[in-house]
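# Notes for the structure review
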Amino acid sequence: MGFQISKQWITICMRVNGFVCKDPTVVKAEDFFSTGLDKAGDTGKKLGSNVTAVNVNKIVGLNTLGISMVRIDYAPKGLNAPHTHPRATEILTVIEGQLFVGFVTSNSDNGNRLFTKMLKKGDVFVFPEGLIHFQFNPGHTNTVAIGALSSQNPGTITIANAVFGSKPPISDEVLAKAFQITRMAAKTLLLALLAVASSLAMASDPSPLQDFCVADKASKVLVNGFVCKDPKVVKAEDFFFRGLDKAGDTGKKLGSNVTAVNVNKLAGLNTLGISMVRIDYAPRGLNPPHTHPRATEILTVIEGQLFVGFVTSNSDNGNRLFTKMLKKGDVFVFPQGLIHFQFNPGYTNTVAIGALSSQNPGTITVADAVFGSKPPISDEVLAKAFQVDKKTIDWLQAQF
């Protein structure tokens, strides 16, 4: 089965990790679709930020697929306060404005290291799974970011709220000792944070066994992925990429261009099970039918429009096609390994941001792989497979 759609009700009481599955025969394209990511969130709250999450609770088709997406809005001086995602790595790109971001490593003999970076439009940064991290808009204009997380339901733990705003509250004696302050100070903090406490309840590569494993591309050792750099020489630049605000060249035959930010571009993604792409489409531009053998893709339209679709794997009911017309702010999911495409039917350029649930998802363009392999697949094999004559196959192979 190509995907497992969540069914949020069932006639008997059953609890599973995630959601049970809908009958595949009643699944429709809307199960993989959400709208509204072009709308600014309300940043009028005390911290001056707002997270709009598109997870399995919004798109039931994300069930079991190991990825989700967020839009984060920041007012001037707005803060997405220190928090963790217990089940996900996050990769984030700035769409408008600027951000000061950082994360803190877990306890070690070398202490808790802080990695920080100033981001501008088009920059990308990675926050490894489970680590405390934050984003702050130091400027005087609004900032917008798009993030993706390597879980259908990554969870969020806002540190201040969890520690000082739990229900029932953690004992002030416990907190006083933990933070090395007086019990009165602990009570004051607890009361202050209770007054503003709020929290956001939010298939990837194998889970990491340490905070990060930054790829050591100079190593001659061959492993699944890359071996790790010595953590002592890791720096913030290892989690950073610049240039996702730049349009790709769509002058080629198909009229599309994919700018990938994977482990080959951003060494800090090693073992973290996520990557990001920018896709540019000229008018009538096509990202042709292809698959990602190691990843689910979640995509949102930043500018323009797209006609998108995917085809299910073989079954007694045939290969079903799910299609949807997307406009700015819409989100769509392409399940792992399934053939899918995006086409710009309009007369203006389109831009999309996608995220994939692997550090190195791979791409197999169907036409290139079948008709352009090196050496070529036998024309006899292809003629029989496609039920056409060999001359037709020879002509198709000549195109690639």
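Residues numbered from 1 in each chain as written. Predicted model: local features only at pLDDT ≥ 70, side-chain atom pairs only at ≥ 80, totals over all residues. Heavy atoms only, no water.

For the protein, the name recorded in an unreviewed UniProt entry is Germin-like protein, with Musa troglodytarum as its organism. Recorded in UniProt under Sequence similarities (unreviewed entry), the annotation for the protein is "Belongs to the germin family." In its Subcellular location (unreviewed entry) section, the UniProt record describing the protein reads: "Secreted, Extracellular space, Apoplast". (UniProt positions renumbered as here; feature names shortened; annotations may be inferred.)

## A look at unusual backbone geometry
Cis geometry is found at the peptide bond from Lys 374 to Pro 375, where omega equals -5°. Looking at the secondary structure, you find Pro 375 in the loop between helix 4 (366-371) and helix 5 (379-386). Positive phi, normally seen in glycine, also occurs at Lys 77, with a value near 65°. Here Lys 77 shows up in the loop between strand 5 (68-74) and strand 6 (79-84). By relative accessible area, Lys 77 is classed as partly exposed at 44%. (Helix = DSSP H or I, 4+ residues; strand = E, 2+ residues; numbered from the N terminus. Buried < 20%, exposed > 50% of the residue type's maximum accessible area, 1.4 Å probe, protein only.)

## Some points on the state of the cysteines
With the rule as written, the count across this model stands at one disulfide. The disulfide partner of Cys 213 is Cys 228, and the S-S distance across this bridge is 1.9 Å. Here the disulfide of Cys 213 and Cys 228 is left-handed, its torsion about the S-S bond being about -95°. With Cys 213 in the loop between helix 3 (183-196) and strand 14 (240-241) and Cys 228 in the loop between helix 3 and strand 14, this residue pair connects regions lying 15 residues apart in the sequence. Judged by relative accessible area, which is 3%, Cys 213 ranks as buried. (Disulfide = S-S within 2.5 Å.)

## Here's the deal with the environment of Asn 270
Within the element layout of this structure, Asn 270 appears in the loop between strand 15 (256-261) and strand 16 (275-281). Asn 270 sits in the buried class, given a relative accessible area of 1%. In sequence terms Asn 270 and Phe 226 are 44 residues apart; their C-alpha atoms lie 6.7 Å from each other. Each residue touching Asn 270, except ones within four places of it in the same chain, is listed here: Cys 213, Val 214, Ala 215, Gly 225, Phe 226, Val 227, Val 263 and Gln 359. (Contact = heavy atoms within 4.5 Å.)

## Quick notes on the UniProt feature "binding site: Mn(2+)" (unreviewed entry) in the protein
Per the UniProt annotation, the sites labelled "binding site: Mn(2+)" (unreviewed entry) are His 290, His 292, Glu 297 and His 340. Judged by maximum C-alpha separation, these annotated positions cover 51 residues in sequence but sit close together in space, the widest gap being only 11.8 Å. Within the fold, His 292 resides in the loop between strand 17 (286-291) and strand 18 (297-303). Locating His 340 in the fold gives a position in strand 22 (residues 339-343). When its relative accessible area of 1% is taken as the criterion, His 340 is described as buried. Leave out the neighbours within four places in its chain, and His 340 touches Pro 288, Pro 289, His 290, Thr 291, His 292, Glu 297, Gly 309, Phe 310 and Phe 334.

## Some remarks on the packing of helix 5 against helix 6 (residues 390-399)
Direction vectors running N to C along helix 5 and helix 6 enclose 110°, while the axes themselves pass 9 Å from each other. Between helix 5 and helix 6, the angle falls in the class roughly perpendicular. Classified by chirality, the crossing of helix 6 by helix 5 is right-handed. Residue-level inspection shows Asp 379, Glu 380, Leu 382 and Ala 383 of helix 5 in contact with helix 6, the latter providing Lys 390, Ile 393, Asp 394 and Gln 397. Across the contact of helix 5 with helix 6, the residue classes tally to three nonpolar, one polar and four charged. (Axes fitted to C-alpha atoms, helices over the stretch in contact; angles between N-to-C directions. Parallel < 35°, antiparallel > 145°, perpendicular 65-115°, else oblique. Left-handed = near helix turned anticlockwise from the far one by under 90°. Nonpolar A, V, L, I, M, F, W, Y, C, P; charged D, E, K, R; others polar.)

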